[in-house]
Amino acid sequence: MAKFVPQAELPLSDQVQVRHDKLAALRAEGRDPFLQTKYDFNADSAAIKADYEGYEGKLVKVAGRLMSKRGQGKVMFCDLQDSTGRIQLFVKIDELGEEEYNRFKKYDIGDIVGVEGEVFKTKTEEISVRAKNVVLLAKSLLPLPEKFHGLTDKEIRFRQRYVDLMVNPEVKRNFVIRSQFIKHLRDYLDNMGYIEVETPVLNTIAGGASARPFITHHNTLDIDMFMRIATELPLKRLIIGGMDRVYEIGRIFRNEGMDPKHNPEFTSVELYQAYADFHDMMDIAEGVYTTFAQKYLGTYKLQWMGEEVDLTPGWPRMTMVEAVRKYVGIDFDAISDDAEAVAAAAAKGVELNEAAEKTWGNALYACFDQRVEEHLVQPTFITMYPVEVSPLTKRSPIDPRLTERFEFFICRSEMGNAYSELNDPMDQRDRFQKQVEQRERGDDETEMLDEDFLNAMEYGMPPTGGMGMGIDRAVMLFTGTDTIREVILFPTMKPLD
């Protein structure tokens, strides 16, 4: 007699063949599970466990995926996983009937079933459903990862998110929090009188940010087009047109490197408010973060990137000059000459971008970028950026070398960027031209000149505050995850072939 080998111990190809054979047998019997069109369940695992007294002894219908089977002979215990969690099934030959019980014994881990039964507790006080009727709704033709170890290889988890969610149900929490944050953000802005709008993803000019775009081709128009790198310029056109408070939540595409904080496509919110400035944007940024933490997480104190982060309202605000003075030891307020500024930066080992002009502003920014960000762990607003790196921002009336701009940082990560928006069309043209010159020197991440946007500005743009915030990094903070791939359901991956 041939030795019995449990299916789980067979080579993978043999396991798959066994499942295909089972499906063929079901179809031959006229019991093709894929012909089932719907199943009217009326309860889920979380609801039953939360209100056992209300469900005890009642007949319910539940549906989900079989995640385990235990027992032999005339009684089996199984775990059924639905969208809310897991619940135990008690399957007994006397309750189900011999014919159906024998069919059920052939079902595999991963099969999707509908179960009608009575809610009760076992002798071990486990809330369970005593199966009276079981319907096979879909056959799983591939075995799930080994039950005791689950799916832990991150590359496979991100490539096959569907399996990740099946066998690592805690992963779903990240995406629930993501959904809650986006809803909270919408509610926050809507309650302030903002209007949500949609702007083009495909553009003939890639503007609104310093980034390398993806290029595609429109066959009918026979022109190359850029996938948007920001929504800034279309949204500002709406401000000019009289829509005083607008925002857009959507996908942004940048043809740049990939690392734990960057994915080529990501989600951001950009918002613009007429007759406001960058101080108003600081209040909104802090308000969105702190109210979400308190309402949904119940605390201002979070663990992220190995640090304890305190989101308690009242975040510090520091100018870039102050930050560089504190952390680098150069007082740019005491320097007025470009050459002196560049030399001071070089003395600290700070080098400027080869394509950048050797100016006071570029030297200040290089010092900040290379030596200060690493110190910004607690929520901090850094304000007053140099004109050279802020082509769309209003100049400071106090120091024309600087602009009314801020970025805020948490755990050394830039979380948002905001301006008092430049509304002088002549100044804007000059700054666009400098960006064009920098692009000609080899920097392909600088702004392109947008004549239509300049035309719109010449009709008159009110003083405006604007901000962009990354959704993905915010969710990384609120979920305590250390890579952006953990908070994007389908991150960009290199093909296996």
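Not measured: the values here are computed from a predicted model.

**Description of the pairing of strand β3 (residues 85–92)**
Here comes step 1: Summarising the sheet, strand β2 (residues 75–82) and β3 pair through eight bridges and their orientation is antiparallel. Within the sheet, the bridge partner assigned to Val75 lies in β3 and is Lys92.
Here comes step 2: Count of turn residues in the β2/β3 antiparallel hairpin: two residues.
Here comes step 3: Pairing of β3 with strand β5 (residues 127–138), which is carried by three bridges, proceeds in the parallel orientation.

**Notes on the confidence of the model for the chain**
Here comes step 1: Per-residue confidence for the chain averages 94 on the pLDDT scale, and 97% of its residues sit at or above 70.
Here comes step 2: In the predicted structure, residues 1–5 sits below a pLDDT of 50 and forms one contact with residues beyond four places in sequence or in another chain.

**Focus: the nonpolar core**
Here comes step 1: Tyr289, Val324, Phe332 and Phe478 are the most contacted members of the largest nonpolar core, which totals 71 residues.
Here comes step 2: Of all the elements, helix α10 (residues 278–297) adds the most residues to this core, at nine residues.
Here comes step 3: With residues up to four places along the chain from it excluded, the contact list for Phe478 reads Arg173, Ile177, Phe181, Tyr289, Phe292, Ala293, Leu297, Leu302 and Leu311.
Here comes step 4: With 26 residues, the next largest nonpolar core counts Cys78, Val91, Val113 and Ala131 among its residues.

**A word on the sheet that holds strand β4 (residues 112–121)**
Here comes step 1: Around the barrel, five strands lie side by side as β1-β2-β3-β5-β4; this closed barrel has mixed pairing. On average, each strand axis in the sheet is tilted by 55 degrees relative to the strand beside it, whichever way the strands run.
Here comes step 2: The strands that helix α5 (residues 98–105) touches are β1 (59–70), β2, β3 and β5; relative to β2, the one it contacts most, it runs at about 60 degrees.

**Observations concerning the sheet that holds strand β10 (residues 245–253)**
Here comes step 1: On the basis of which strands lie adjacent, the open sheet formed by eight strands has the order β6-β10-β11-β18-β17-β16-β15-β14 and mixed pairing. Two strands in the sheet have a free side with no partner beyond their single neighbour: β6 (195–196) and β14 (317–319).
Here comes step 2: Of the pairings in the sheet, the one linking strand β15 (residues 380–386) to strand β16 (residues 402–410) comprises six bridges and is antiparallel in character. Residue pairing across strands places Thr380 opposite Phe409, the latter belonging to β16.
Here comes step 3: Packed onto the sheet, helix α13 (residues 360–371) meets β15 and β16 and runs at close to 155 degrees relative to β15.

Definitions and limits used
Residues numbered from 1 in each chain as written. Predicted model: local features only at pLDDT ≥ 70, side-chain atom pairs only at ≥ 80, totals over all residues. Heavy atoms only, no water. Pairing = 2+ DSSP bridges. Helix = DSSP H or I, 4+ residues; strand = E, 2+ residues; numbered from the N terminus. pLDDT = per-residue confidence, 0-100. Contact = heavy atoms within 4.5 Å. Core = buried A, V, L, I, M, F, W, Y, C linked by side-chain atoms within 4.5 Å. Buried < 20%, exposed > 50% of the residue type's maximum accessible area, 1.4 Å probe, protein only. Axes fitted to C-alpha atoms, helices over the stretch in contact; angles between N-to-C directions.

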